[in-house]
Amino acid sequence: MYKREESKNKQAVNWNKINDSFTTLFWQQNIRQFWIDEEIPLSDDKLTWQTLSEEEKEVYKKVTAGLTLLDTEQGSVGMPEIALAVENLHSKAILSFMGMMEHMHAKSYSSIFSTLCTSKEIDDLFEWVENEPLLQKKLQIVTEKYKSIKDDKTLYLAMVMSVFLESFLFYSGFFYPLYLAGEGKLTASGEIINLIIRDESIHGVYVGLLAQEIFKTFSDFEKENVKKLTIDCLKELFEIEEEYTKQIYSPIGLVEEVLLFLKYNADKALMNLGMDAYFNISEDKVNSIVIAGLDTKTKHHDFFSVKGNGYIKPLNISKLDDSDFDF
């Protein structure tokens, strides 16, 4: 529920007293999924990068640069504004952790750029992001909802935008890295994308659950009103995504496949909000390589390949001594 007002006496979050059934689960899942970009070796992608055409390189650079912009805004504005507005202190903690991971995602794209691109190319890319009208328009629509929170209704609509971002708008950018990784190209960068998708999946589900809790408190009239506003927002954003997709993907002939993928994920976003699908695109209609890439379960690699998203962090480390080699 919305609570922007500051109380006179501050409360401390009490993790020994939790009032819902899913907070602990999402906190633990976020912790288990924690990763940093330096843990994924990217240098092997340099060889594959040289085999791509200039058009393919340009698409890859632009979609990942666009993702960087969205992650930057979600970490800097989206998650903090929603965290500030919610009343539950445990939810604030989880949203803050998720916001931190959005910054990790944004940083990881810079790691990819520094591996594959020259400094001049990177500078040009970030200048393109800042001046790309469709990217900026999309972000303006989302950010306006974040900045307009003043009651339960506007908080709900801000959460809708967050779910749309995490579960739908990112996916025009995710398509091509998943597509190439499925073909055995840029697989290390593909691992980072898969780790990011794993995060975004639980971000969308969690904020969706918070939104559903607010939705339950609305009158029947209010429910119909916010549902209509939600679908209106979806249609407006999809129009921008459609134009953006045509602009980016036309040179490599993947426009229709990306649009199907976007519709599929838009329906997933609505499901996270407890709403019915709008486009009704079944999984079998979407590129099978990309659908396989959405699987965020553990990937298995041999000892010399990329790390995979199911690695185990060492928590207890001790020095070796001679006795360790007495078999």
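In this report, we go over the structure that sits alongside the text.

1. Considering the overall build of the chain
A tally of regular secondary structure across the chain gives twelve helices and zero strands. The secondary structure elements of the chain, listed N-terminal to C-terminal, are α-α-α-α-α-α-α-α-α-α-α-α. Burial statistics for the chain: of 327 residues in total, 50% are counted as buried. Taking all contacts inside the chain whose residues are at least 6 apart in sequence as the whole, residues at least 24 apart take part in 82%. Accessible surface, the chain: about 16,300 Å² in total, of which carbon and sulfur atoms supply 52%.

2. Digging into the environment of Ile289
Summarising the element assignment, Ile289 is placed in helix 12 (residues 288-293). What makes Ile289 partly exposed here is its relative accessible area of 30%. For the pair Ile289 and Leu180, spaced 109 residues apart in the sequence, the C-alpha separation amounts to 8.9 Å. Residues in contact with Ile289, not counting those within four places in the same chain, are Leu178, Tyr179, Gly182 and Glu183.

3. Topic: the environment of Thr154
Considering the arrangement of structural elements, one finds Thr154 in helix 7 (residues 152-169). Sequence separation between Thr154 and Val226 is 72 residues, and the spatial gap between their C-alpha atoms is 9.4 Å. Once residues within four sequence positions are removed from consideration, Thr154 is found in contact with Ser148 and Ile149.

4. Here we look at helix 11 (residues 255-272)
When the terminal C-alpha atoms of helix 11 are compared, their 26 Å separation across 18 residues agrees well with the 26 Å that a helix rising 1.5 Å per residue should span. Of the residues making up helix 11, those classed as buried are Val255, Val258, Leu259, Phe261, Leu262, Tyr264, Asn265, Ala266, Asp267, Ala269, Leu270 and Asn272. Those residues of helix 11 hidden inside the fold are in contact with helix 7, helix 8 (171-182), helix 9 (187-215), helix 10 (220-249) and helix 12. Following helix 11 by one or two positions, Gly274 adopts a phi angle in the positive range, close to 80 degrees.

5. Focus: the pattern of salt bridges
Across all of its chains, the model carries 13 salt bridges by this definition. The partner of Glu38 in a salt bridge is Lys107, with the nearest N and O atoms 2.9 Å apart. Of the two residues, Glu38 is situated in the loop between helix 1 (23-32) and helix 2 (45-49) and Lys107 in helix 4 (residues 89-116); the sequence distance between them amounts to 69 residues. Lys107 sits in the partly exposed class, given a relative accessible area of 40%. Between Glu54 and Lys57 there is a salt bridge, and its shortest N-O distance comes to 3.7 Å. On the criterion of helical spacing, the pair formed by Glu54 and Lys57 is a turn pair, its members being three residues apart in helix 3 (residues 54-85). With a relative accessible area of 11%, Lys57 lands in the buried category.

Definitions and cut-offs
- Residues numbered from 1 in each chain as written.
- Predicted model: local features only at pLDDT ≥ 70, side-chain atom pairs only at ≥ 80, totals over all residues.
- Heavy atoms only, no water.
- Helix = DSSP H or I, 4+ residues; strand = E, 2+ residues; numbered from the N terminus.
- Buried < 20%, exposed > 50% of the residue type's maximum accessible area, 1.4 Å probe, protein only.
- Contact = heavy atoms within 4.5 Å.
- Areas by Shrake-Rupley, 256 points an atom, 1.4 Å probe, with all protein chains shown as cover.
- Expected span 1.5 Å × (residues − 1).
- Salt bridge = Lys/Arg side-chain N within 4 Å of Asp/Glu carboxyl O.

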